[in-house]
Amino acid sequence: MSGTKPDILWAPHQVDRFVVCDSELSLYHVESTVNSELKAGSLRLSEDSAATLLSINSETPYMKCVAWYLSYDPECLLAVGQANGRVVLTSLGQDHNSKFRDLIGKEFVPKHARQCNTLAWNPLDSNWLAAGLDKHRADFSVLIWDICSKYTPDIVPMEKVRLSVGETETSLLVTKPLYELGQNDACLSLCWLPRDQKLLLAGMHRNLAIFDLRNTSQKMFVNTKAVQGVTVDPYFHDRVASFYEGQVAIWDLRKFEKPVLTLTEQPKPLTKVAWCPTRTGLLATLTRDSNIIRLYDMQHTPTPIGDETEPTIIERSVQPCDNYIASFAWHPTSQNRMIVVTPNRTMSDFTVFERISLAWSPITSLMWACGRHLYECAEEENDNSLEKDIATKMRLRALSRYGLDTEQVWRNHILAGNEDPQLKSLWYTLHFMKQYTEDMDQKSPGNKGSLVYAGIKSIVKSSLGMVESSRHNWSGLDKQSDIQNLNEERILALQLCGWIKKGTDVDVGPFLNSLVQEGEWERAAAVALFNLDIRRAIQILNEGASSGKGDLNLNVVAMALSGYTDEKNSLWREMCSTLRLQLNNPYLCVMFAFLTSEAGSYDGVLYENKVAVRDRVAFACKFLSDSQVFVSCNFCGKSISYSCSTVPHQGRGFSQYGVSGSPTKSKVTSCPGCRKPLPRCALCLINMGTPVSSCPGGSKSDEKVDLSKDKKLAQFNNWFTWCHNCRHGGHAGHMLSWFRDHAECPVSACTCKCMQLDTTGNLVPAETVQP
């Protein structure tokens, strides 16, 4: 404005135009620059928009306030309040052909000259214009004009005047307002109340007043200093905001005695407050000499009638530009969009982003709300590139009745999607367990507690005798390997793993044929190799390479397999041990791990987690002995069992230990992986792994047991053993000797009743039973 900072107004019905008001009126057109370059002469407003100057109007000097006509026609009609109190209707050169062109240039003149502070068009009757003026003792400060008045000259005196020198057209000078309000007072701000055409809210000198034009002699008012910038919430017509210096007051017109809410006072005086026209309860405020616009988001919750509870307010600040802001204006239709202008007329187009609220739906879809938009992020049904969320898997499996097929148990892996080989292996194992349980129940109807449900470990351990290993010839090689003799329990375990069918036949041929038909070439080759048939394994790999669905690289693997040699220092063994980990398929990896491993040490096969559990269990049934106990180091986690069972060698006599002239074993008193010392025996205090002497702790010499008489018992003599309750232990032979006479732990200060916790503690040795 004249001598002040510029103001800015969006066109009410033309969403791409705005006016900048200072010493002159400048009309701009806004256009998108997303897919186009900036035109010559355009002003950059943001990354996505630019403004082009359309016209300038400098015919109305001394402007103090401007209001844009609210009706569609004429679309560019503006009312300008001047320093002398006059209100002039002007245009920006866009309405020369309008039927309302006679309105352009019309002036509304008060009786006494004083500054016009504010203008407000009536939203219900577009011809009514309210003007707020400074105080005059003999005049009114609120004047309501009818811009299209056709009254007779005795009611509305009129005279024709020239607009300016050299202008050919004339306009009417109107001196009689439609209504006059607020005598001997000053009006600083105005706004019409949308709920009624004839209700006007005015910020007078020391009060807020509601004028009813149906009875101008009466008014409802409340005394307050917050009389500037009165504005009505467009979504809640009973809520009004006004300000004084740095404080904003929120009023409820239904309870007009006092403000319902007072916002936090700002350190600098306020210059403008405005409700967002596209967002419920969002108020923007601007202070002097600031580049920050403060936003107050007023959230309402339903409360019982009569409760005086303040609304919840979320306050935040936005910075549209770096320079001080002179004024701002909300866009009438674009959500949360505003344009700001600086004192040097630099403009910026800015959108206030909403706070985002996230929520998970009961069907695991992610949803969030942003303003008036609700977004949903759901997994694509045909997108198999990403691993599905576990909650999604659970829901889909529940819908497919996963796990409820108790007749054909193996089909449950199909209900789960048939995507997880581990799950497939699990359900086939359960299928075999159920199948063989039914067979056993038919053979012995009275045996309801079937051994199969105890698991493969219990089946193998239920064997009454020790399983011995024997040398078996390879098929296709001049070589022998140690394989455990298959007793009834181990055969049953192999059947439960699916390697062999029911009966006493241990042929894996049918199982290999089924794998080949399903295209599991690598797995079939590995099973054939584990059964010492390397020729069959190579044949399967060649078939897989020649098939349309197989991998051509299987030929290379078959060629590498054909060069197998059992020489420990051969180049083949060295290269396969190094390069096998680079193979992508786990079954190819364990094939070379098996061929390059030492006898009895098959960690490379047993600990390959990507190989099906039932295949690893079946492998263990064929190659691991009953006494295969896996004791791992507490520091590095590696196995120390095999290292402690080294091959015995003939040493000198150890008569002082009671094992004169017997073969001894090498000392392994530390972990072979990290070299940490093994724990000490609680009785002999010697590190585990050291060959034991005759059992200490016996009270009588005739009760000492010569554990070397039985070969198996002598091996058991060196075993690691410990109490699962107090974790104390030592050599198995020493512990056995101690607990013949004691029930309490041998470690001093430990009161654990170890022997009483063991179910074997109450067993009576066979030699003590009298016939």
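See the structure above.
Parameters at a glance
- Residues numbered from 1 in each chain as written.
- Predicted model: local features only at pLDDT ≥ 70, side-chain atom pairs only at ≥ 80, totals over all residues.
- Heavy atoms only, no water.
- Pairing = 2+ DSSP bridges.
- Helix = DSSP H or I, 4+ residues; strand = E, 2+ residues; numbered from the N terminus.
- Axes fitted to C-alpha atoms, helices over the stretch in contact; angles between N-to-C directions.
- Salt bridge = Lys/Arg side-chain N within 4 Å of Asp/Glu carboxyl O.
- Buried < 20%, exposed > 50% of the residue type's maximum accessible area, 1.4 Å probe, protein only.

Asker: Looking at this structure, I do not really get the sheet that holds strand S23 (residues 261-262). What am I missing?
Answerer: Neighbouring strands of a sheet are bound in pairs by backbone hydrogen bonds; such pairs are parallel or else antiparallel. The strand order across the open sheet formed by four strands is S20-S21-S22-S23, and the pairing between neighbours is antiparallel. Edge strands, defined here as strands with exactly one partner in the open sheet, are strand S20 (228-233) and S23. Relative to S23, strand S22 (residues 247-252) is paired through two bridges, and the arrangement is antiparallel. When the sheet's bridge partners are listed, isoleucine 250 is paired in S23 with leucine 261.

Asker: Which parts of the structure should I look at to understand the sheet that holds strand S11 (residues 128-133)?
Answerer: One open sheet accounts for four strands, arranged S10-S11-S12-S15; its pairing is antiparallel. The two strands at the open ends of the sheet, each matched to only one other strand, are strand S10 (116-121) and strand S15 (179-183). Between one strand axis and the next, the sheet turns by 15° as a mean value, whatever way the strands run.

Asker: Explain the pattern of salt bridges here, please?
Answerer: Scanning the entire structure with this criterion turns up 22 salt bridges. In this structure, arginine 279 and aspartate 297 form a salt bridge, with 2.7 Å as the shortest nitrogen-oxygen distance. With arginine 279 in the loop between strand S24 (270-275) and strand S25 (282-287) and aspartate 297 in strand S26 (residues 293-299), this pair connects stretches of sequence that are 18 residues apart. You'll find arginine 279 and aspartate 297 in the same group, each marked buried. In this structure, arginine 523 engages aspartate 615 in a salt bridge whose closest nitrogen and oxygen atoms are separated by 2.8 Å. One end of the pair, arginine 523, is in helix H7 (residues 521-530); the other, aspartate 615, is in helix H13 (residues 613-623), with 92 residues separating them in the sequence.

Asker: What exactly am I supposed to notice about the pairing of S25 here?
Answerer: In summary, the side chains of a regular strand alternate between the two faces of the sheet. The element S25 is extensively covered by neighbouring structure, given that six of its six residues are classed as buried. Burial of S25 is two-sided: the residues Leu282, Ala284 and Leu286 facing one way and the residues Leu283, Thr285 and Thr287 facing the other way are all buried. Judged from the five bridges that link them, S24 and S25 form a sheet pairing that is antiparallel. Bridge assignment links leucine 270 to a residue of S25, and that residue is threonine 287. Linkage of S24 to S25, two consecutive antiparallel strands, is achieved through a turn of six residues, within which glycine 281 is found at a positive phi near 70°.

Asker: Whenever I open this one, the pairing of S10 confuses me. Can you help?
Answerer: Within S10, six of the six residues are buried, leaving the element largely enclosed by the surrounding structure. In terms of strand pairing, S10 meets S11 through five bridges, oriented antiparallel. Bridge pairing in S11 links threonine 118 to glycine 132. Two successive antiparallel strands, S10 and S11, enclose a turn made up of six residues.

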